[in-house]
Amino acid sequence: MYKVKAAVITAMSALMGWLGILAVPVCLLVLCNLIDYATGLMAAPYRTESVNSYKGIRGIVKKVCMWLLIVVGVIVDAMLNYAVEYIGWGIALPFIVATVVAVWLLVNEIISILENILDIGVTIPPFLLPLVRNIKKTVEEKTDVLAKEGEDGKGNII
């Protein structure tokens, strides 16, 4: 058992070390994916929806596609690092794009969890849902500004 624990700790440490800034959003997203799926199943009867294998698989596919978006962010970050290295700037960029994608997905998952809990009939603090929606709006506005700064006004990347 000791060897299994040591192997798991070593693997997790290596993964967290490699992920760097992306580690916390990724871990939180895993947790929120599980909570959202569970609360969605629990909320279905309150929404007069039936739970069936098709909807369950569709939900799992949606979660897998979320993770693919983060992989796309990692690929974009790798391309940016390659370009920065090729130019000769001598700096390494952390997972910037992937982290923003992960945070945006995390906020969406939290909103979904809160909506599921509301549908079940549990009262949530009145500030919580608007707060999370405001965080989502802020992330979207900041990334929109950054995206527009890299365009020439006609939608072409410069």
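See the structure shown above.
Residues numbered from 1 in each chain as written. Predicted model: local features only at pLDDT ≥ 70, side-chain atom pairs only at ≥ 80, totals over all residues. Heavy atoms only, no water.

Caption draft 1: Geometry of the overall build of the chain. Along its length, the chain carries five helices and zero strands. For the chain, the succession of helices and strands along the chain, N to C, is α-α-α-α-α. Here the C-alpha radius of gyration of the chain, 19 Å, is well above what a compact globule of 158 residues would show, namely 15 Å. Across its three principal directions, the C-alpha atoms of the chain cover 60 × 55 × 30 Å. Taking all 158 residues of the chain together, the buried fraction comes to 23%. Across the chain, every contact between residues at least 6 apart in sequence was considered, and the portion connecting residues at least 24 apart equals 63%. Taken as a whole, the chain presents about 10,900 Å² of accessible surface, with 72% of it coming from carbon and sulfur. Where the 13 positive side-chain charges of the chain centre and where its 13 negative ones centre are 8 Å apart. (Helix = DSSP H or I, 4+ residues; strand = E, 2+ residues; numbered from the N terminus. Rg over C-alpha atoms; globule rule 2.2 N^0.38 Å. Buried < 20%, exposed > 50% of the residue type's maximum accessible area, 1.4 Å probe, protein only. Contact = heavy atoms within 4.5 Å. Areas by Shrake-Rupley, 256 points an atom, 1.4 Å probe, with all protein chains shown as cover. Lys, Arg positive; Asp, Glu negative; His and termini not counted. Charge placed at Lys NZ, Arg CZ, Asp CG, Glu CD.)

Caption draft 2: The arrangement of a nonpolar patch on the surface in detail. Residues M1, V4, V8, M12, L15 and W18 make up a contiguous nonpolar surface patch of about 660 Å² in total accessible area. Checked against the element boundaries, V4 lands in helix 1 (residues 2-19). Classification of V4 as partly exposed rests on a relative accessible area of 49%. (Patch = residues over 30% accessible without salt bridge, like charges linked within 9 Å, V, L, I, M, F, W, Y side chains within 5 Å. Salt bridge = Lys/Arg side-chain N within 4 Å of Asp/Glu carboxyl O.)

Caption draft 3: Spotlight on the packing of aromatic side chains. Counted under the stated rule, the structure contains one aromatic pair. Relative to Y86, the ring of Y82 has its centre 6.3 Å away and its plane inclined at 20°; by these criteria the two rings are stacked. Residue Y82 and its partner Y86 are both found in helix 3 (residues 53-87); the two are separated by four residues, about one turn of the helix. By relative accessible area, which is 68% here, Y86 ends up exposed. (Phe/Tyr/Trp six-rings, centres within 6.5 Å; stacked < 30°, edge-to-face > 60°.)

Caption draft 4: Looking closely at helix 1. Taking 1.5 Å per residue, 18 residues should reach 26 Å; helix 1 reaches 26 Å between its end C-alpha atoms and fits that length. A positive backbone phi angle near 60° is found at G20, which sits one or two residues after helix 1. (Expected span 1.5 Å × (residues − 1).)

Caption draft 5: Just helix 4 (residues 96-120), in detail. If you check helix 4, its first and last C-alpha atoms are 36 Å apart, about what 25 residues at 1.5 Å a residue would give, namely 36 Å. Those residues of helix 4 not exposed but buried are A98, T99, A102, L105, L106, V107, N108, E109, I111, I113, L114 and N116. G121 sits one or two residues past helix 4 and shows a positive phi near 110°.

Caption draft 6: Examining the environment of E140 more closely. Along the chain, the position of E140 falls in helix 5 (residues 128-149). Classification of E140 as partly exposed rests on a relative accessible area of 34%. Spatially, the C-alpha atoms of E140 and V100 are 9.3 Å apart, while their sequence positions differ by 40 residues.

Caption draft 7: Structural view of the pattern of salt bridges. By the definition in use, this model includes four salt bridges. The partner of K63 in a salt bridge is E109, and the shortest N-O contact between them spans 2.8 Å. Here E109 lies in helix 4 and K63 lies in helix 3, a separation of 46 residues in the sequence. By the burial criterion, K63 is buried, and E109 matches it. Here the residues in one salt-bridge network are D36, K63 and E109, joined through shared partners.

Caption draft 8: Region of interest: the side chain of N108. With respect to the helices and strands, the residue N108 is situated in helix 4. Within the structure, N108 has its side chain in polar contact with the side chain of K136 (distance 3.0 Å). (Polar contact = N/O pair within 3.5 Å; in protein donor to acceptor, adjacent residues only side chain to side chain.)

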